[in-house]
Amino acid sequence: MEPLTHPIKISFERGAAKGWQGFLWMSKIILPVSFVTFLLDYSGWLGQMDSWLEPLMGAIHLPAMAALPLLAGLLTGIYGAIAAMSVLPFTVDQMTLMAVFLLIAHSLIQEGLVQRQSGCPAWMATAVRLAAAVLTVFVLGWMVGPESAQKAAGDPLASVRTMFWPAMRGWAAAMAWLSMKILLIITALMIFMEILKRYRLIDRVVRIIEPILGLLGLDRQVGVLWLTAVVFGITYGGAVIVAETRERRLSPDQLKTLHVSIGINHAMVEDPSLFLPLGVHPFWLWIPRLVTAVAFTQAYRLWLWMKNSRQPIAGVTVPLDGS
């Protein structure tokens, strides 16, 4: 009997090692992006960018001041967006539209880099999410019927700005807490994945969700990756997605199709629940982006089929005269 080679112990050790490696490469993405965004936010440049997006805000049925929370979400994530939304005078309908937009498109730089590491060009991942967010909110705007913008006197965020070093300490504390959560979650995920592999349980999980994958337009081989992103998100689940992508040898088309789906619809447990205290109805937080993910993924699969069907078969020459 060799207790040191117990399957659980081996899985724990390998998972912890992979978790630490994943945490290190993810920190190289998260910390620099977050610090630059902090500097932009503190300098006031983010606020000055509101007017640039005013025409777009009107096109998606939102007031001009909605640009600030959306910009904060696009660059920093859900938490930064909610912080901005909570101090500005928005109606519930307007917050509903912003919530749907942000659930689809947030942390674009950070998560775009994670998606690039696992098989999808960052520009493609970002473009798909922005297009999906704009189109979804444009359609929902006619259904929800947002009210006209409320005027806000002066700079709504001026009262909450602090001196640089206190703000810097606040950012550092927030990043330390976030880093600790990421490390714990990634390590737990990696250990869990190693246990599933050790006892050959992954195929059983994939068989259970296989009907859902077919409806979503995804192949069976990406089942575990899709489940990881849907439950834990791209940021927390990114290290697992990257590691599994390298082991499974998926085709470029399979990976890009997966990222179209999870880019729009991920972190379905935590992210939507963050908007519930703002009074947003649960239906709008879970259903619209799931429908959008299915539509975009199926459309992308159709485009791939049309592109591949036009490619000539190797070794076959088509006469130019039509004979």
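Above: the structure in question.
The rules behind the values
- Residues numbered from 1 in each chain as written.
- Predicted model: local features only at pLDDT ≥ 70, side-chain atom pairs only at ≥ 80, totals over all residues.
- Heavy atoms only, no water.
- Helix = DSSP H or I, 4+ residues; strand = E, 2+ residues; numbered from the N terminus.
- Buried < 20%, exposed > 50% of the residue type's maximum accessible area, 1.4 Å probe, protein only.
- Contact = heavy atoms within 4.5 Å.
- Polar contact = N/O pair within 3.5 Å; in protein donor to acceptor, adjacent residues only side chain to side chain.
- Expected span 1.5 Å × (residues − 1).
- Core = buried A, V, L, I, M, F, W, Y, C linked by side-chain atoms within 4.5 Å.
- Phe/Tyr/Trp six-rings, centres within 6.5 Å; stacked < 30°, edge-to-face > 60°.
- Axes fitted to C-alpha atoms, helices over the stretch in contact; angles between N-to-C directions.
- Parallel < 35°, antiparallel > 145°, perpendicular 65-115°, else oblique.
- Left-handed = near helix turned anticlockwise from the far one by under 90°.
- Nonpolar A, V, L, I, M, F, W, Y, C, P; charged D, E, K, R; others polar.
- Salt bridge = Lys/Arg side-chain N within 4 Å of Asp/Glu carboxyl O.

This part takes up the overall build of the chain. Secondary structure assignment for the chain yields 14 helices and 0 strands. The helix and strand sequence of the chain, counted from the amino end, reads α-α-α-α-α-α-α-α-α-α-α-α-α-α. The burial tally for the chain puts 46% of its 323 residues in the buried class. Here the analysis covers contacts within the chain between residues at least 6 apart in sequence; of these, 79% occur between residues at least 24 apart.

The next subject is the environment of Trp142. When you line up the elements, Trp142 lands in helix α8 (residues 122-144). The exposed category is assigned to Trp142, whose relative accessible area is 63%. In the structure, Trp142 is positioned 81 residues away from His61 in sequence and 8.2 Å away in space, judged by C-alpha atoms. A distance of 3.4 Å separates a polar atom in the side chain of Trp142 from a polar atom in the side chain of His61.

Below, the discussion takes up helix α12 (residues 252-264). If you check α12, its first and last C-alpha atoms are 19 Å apart, about what 13 residues at 1.5 Å a residue would give, namely 18 Å. Listed as buried for α12 are Gln254, Leu255, Thr257, Leu258, His259, Val260, Ser261, Ile262, Gly263 and Ile264. Of the surrounding elements, those touching the buried residues of α12 are α6 (92-104), α7 (108-117), α8, α11 (223-248) and α14 (282-310).

Its location among the elements puts Thr245 in helix α11. Among the residues examined, Thr245 registers a relative accessible area of 11% and is labelled buried. Setting aside its immediate chain neighbours within four residues, Thr245 contacts Ser118, Leu225, Leu250 and Leu255.

We now examine the nonpolar core. With 44 residues, the main nonpolar core has Leu70, Met98, Phe101 and Phe275 as its most contacted residues. Of all the secondary structure elements, the ones that give two or more residues to this core are α4 (67-75), α5 (78-85), α6, α8, α12 and α14. Top element by residues in this core is α6. It accounts for 9 residues. Setting aside residues no more than four positions away along its own chain, Phe275 makes contact with Ile78, Ile82, Met85, Ala99, Leu102, Leu103, Val280 and Leu285.

What follows covers the packing of aromatic side chains. Summed over all chains, the structure comprises 6 aromatic pairs. When the centroid spacing of 5.7 Å and the interplanar angle of 35° are considered together, the rings of Trp20 and Phe23 count as tilted. With Trp20 and Phe23 both in helix α1 (residues 7-43) and 3 residues apart, the pair spans about one turn of that helix. In this structure Trp20 comes out as partly exposed when scored by relative accessible area, which is 46%.

Moving on, we come to the packing of α8 against α12. Look at α8 against α12: their axes get within 9 Å of each other, and the N-to-C directions meet at 45°. Relative to α12, the element α8 is oriented oblique. The crossing of α8 and α12 is right-handed. Across the interface between the two elements, Met124, Val128, Arg129 and Ala132 from α8 touch Lys256, Val260, Gly263 and Ile264 from α12. Grouping the constituent residues of the contact of α8 with α12 by class yields 5 nonpolar, 1 polar and 2 charged.

Our focus in this paragraph is α4. Three or four residues apart is the spacing at which side chains of an α-helix point the same way, because the helix has 3.6 residues per turn. Among the 9 residues in α4, 8 count as buried, and that is most of the element. Downstream of α4 by one or two residues, Gly77 has phi in the positive range, about 120°.

Moving on, we come to the pattern of salt bridges. By the definition in use, this model includes 7 salt bridges. The residue Lys197 makes a salt bridge to Glu194 at a minimum N-O spacing of 4.0 Å. Here the residue Lys197 and the residue Glu194 both occupy positions in helix α9 (residues 164-198), the gap between them amounting to 3 residues, near one helical turn. Of the charged contacts in the structure, one is a salt bridge between Arg220 and Glu210, with a shortest N-O distance of 3.5 Å.

With that out of the way, let us pick up the environment of Ser273. For Ser273, the location among the structural elements is in helix α13 (residues 270-273). Residues Ser273 and Trp286 lie 13 residues apart in sequence; the distance between their C-alpha atoms is 9.4 Å.

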